[in-house]
Structures are given as C-alpha cells and as structure tokens.
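# Overview (structure and organization)
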Amino acid sequence: MTGFDADGPWQKARSVALRPEPFGALVYHFGNRKLSFLKSKTLVSVVEALAEHPSAAATLTACGVSDAQRAAYVKALAELARSQMIERRESPE
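First, a word on what this report is: a plain description of the structure on this page. (Residues numbered from 1 in each chain as written. Predicted model: local features only at pLDDT ≥ 70, side-chain atom pairs only at ≥ 80, totals over all residues. Heavy atoms only, no water.)

## A short note on unusual backbone geometry
- With a phi close to 65 degrees, Arg-33 is a non-glycine residue in the positive phi region.
- Inspection of the secondary structure assignment puts Arg-33 in the loop between β3 (24-29) and β4 (35-38).
- Of note in the backbone geometry, Gln-84 takes a positive phi value of approximately 65 degrees without being a glycine.
- A residue is classified by how much of its surface remains accessible, and Gln-84, at 44% relative accessible area, is partly exposed. (Helix = DSSP H or I, 4+ residues; strand = E, 2+ residues; numbered from the N terminus. Buried < 20%, exposed > 50% of the residue type's maximum accessible area, 1.4 Å probe, protein only.)

Okay, structure coming up:
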C-alpha cells in the first residue's frame, strides 16, 4: 500500500471483528492474527461507519470529529490501514 488517502472510500476489513470495551474496542484480524486496541469510542464509531460514507474524511465529519482532532484521527486510520484492520473499498461501477 502506498499510503492512506482520507479522501478515498474505506471499510473495516472483512476478516476483522470489533469487540466493544469500556475504553473503546478490541480489534482482531482473523487473517494475520493481529490484535489492536481502539482507545476512543469516537474512533470505534468512525471505523464502524466507514462503509456508510463516500470517504474516510466524510466519515470523520459525520462522526463529529472536530478540525482540531482531525489529524490525529487520520493518523489513527492510517495505522489501521497499515495493519490491515481497515481496507480500501472498491467503488461501485
């Protein structure tokens, strides 16, 4: 992968499960067996809503992420993409 494009369409990877926790969620990838922690309930909401919006940037807006927090959330999503927890969605033709 060449990098994370917040203007592109994303979704939670099909082989990933989220388990809600008081701090946010555990994220487990059944393919590569990686376990991650989402330490923000807002980030959990963003990951769950990615497939419902045309881009990651639109998802951040829809989930109420402020301009001041946006860079941190884009960085978190980029890390989730790097670890294959989220994946780029194919555009419907």
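## Brief notes about the layout of surface pockets
- Reported here for the largest pocket is a volume of approximately 200 Å³.
- Along its surface, the largest pocket is lined by Ser-36, Phe-37, Leu-38, Lys-39, Ser-40, Leu-43, Ala-72, Tyr-73, Ala-76, Glu-79, Leu-80 and Ser-83.
- Considering every element that reaches the lining of the largest pocket, the biggest residue donor is helix α3 (residues 67-82), with five residues.
- For the lining of the largest pocket, the class distribution of residues is seven nonpolar, three polar and two charged. (1 Å grid on protein atoms, 1.4 Å probe; cavity = no way out; pocket = protein on both sides within 12 Å on 5 of 7 lines; lining within 4 Å. Points joined across faces, edges and corners; volume = space filled by probe spheres on them. Nonpolar A, V, L, I, M, F, W, Y, C, P; charged D, E, K, R; others polar.)

## Points about α3
- Compared with an ideal rise of 1.5 Å per residue, which puts 16 residues at 22 Å, α3 spans 23 Å between its outermost C-alpha atoms and is within 8% of the ideal.
- Inspection of α3 places Tyr-73, Leu-77, Leu-80 and Ala-81 among the buried residues, and these make up the whole buried set. One side of α3 carries all its buried residues, which in axial view fall inside an arc of 95 degrees. Of the exposed residues in α3, the ones pointing more than 90 degrees away from its buried face are Ala-68, Ala-71, Ala-72, Lys-75 and Arg-82.
- Residues of α3 that are buried make contact with β1 (10-12), β4, α1 (41-49), α2 (56-62) and β5 (86-88).
- Trailing α3 by a residue or two, Gln-84 shows a phi angle of about 65 degrees, which is positive. (Expected span 1.5 Å × (residues − 1). Arc of directions from axis to C-beta. Contact = heavy atoms within 4.5 Å.)

## Brief notes about the nonpolar core
- By size, the foremost hydrophobic cluster in this structure holds 24 residues, and its most contacted members are Phe-4, Leu-38, Val-47, Leu-77 and Ile-86.
- Among the elements of the structure, β2 (16-21), β3, α1, α2 and α3 are those that each provide at least two residues to this core.
- If near-sequence neighbours (up to four positions away) are discounted, Leu-38 is found in contact with Leu-18, Phe-23, Gly-24, Ala-25, Val-27, Leu-43, Val-44, Val-47 and Leu-80. (Core = buried A, V, L, I, M, F, W, Y, C linked by side-chain atoms within 4.5 Å.)

## With respect to the pattern of salt bridges
- A full pass over the atoms with the stated rule returns four salt bridges.
- Glu-21 is the partner of Arg-19 in a salt bridge, and the nearest nitrogen-oxygen pair spans 2.5 Å.
- Between Arg-82 and Glu-79 there is a salt bridge whose closest N-O contact spans 2.5 Å. In this pair, Arg-82 and Glu-79 both sit in helix α3, three residues apart, roughly one turn of the helix. (Salt bridge = Lys/Arg side-chain N within 4 Å of Asp/Glu carboxyl O.)

Any functional reading would require information that these geometric values do not contain.
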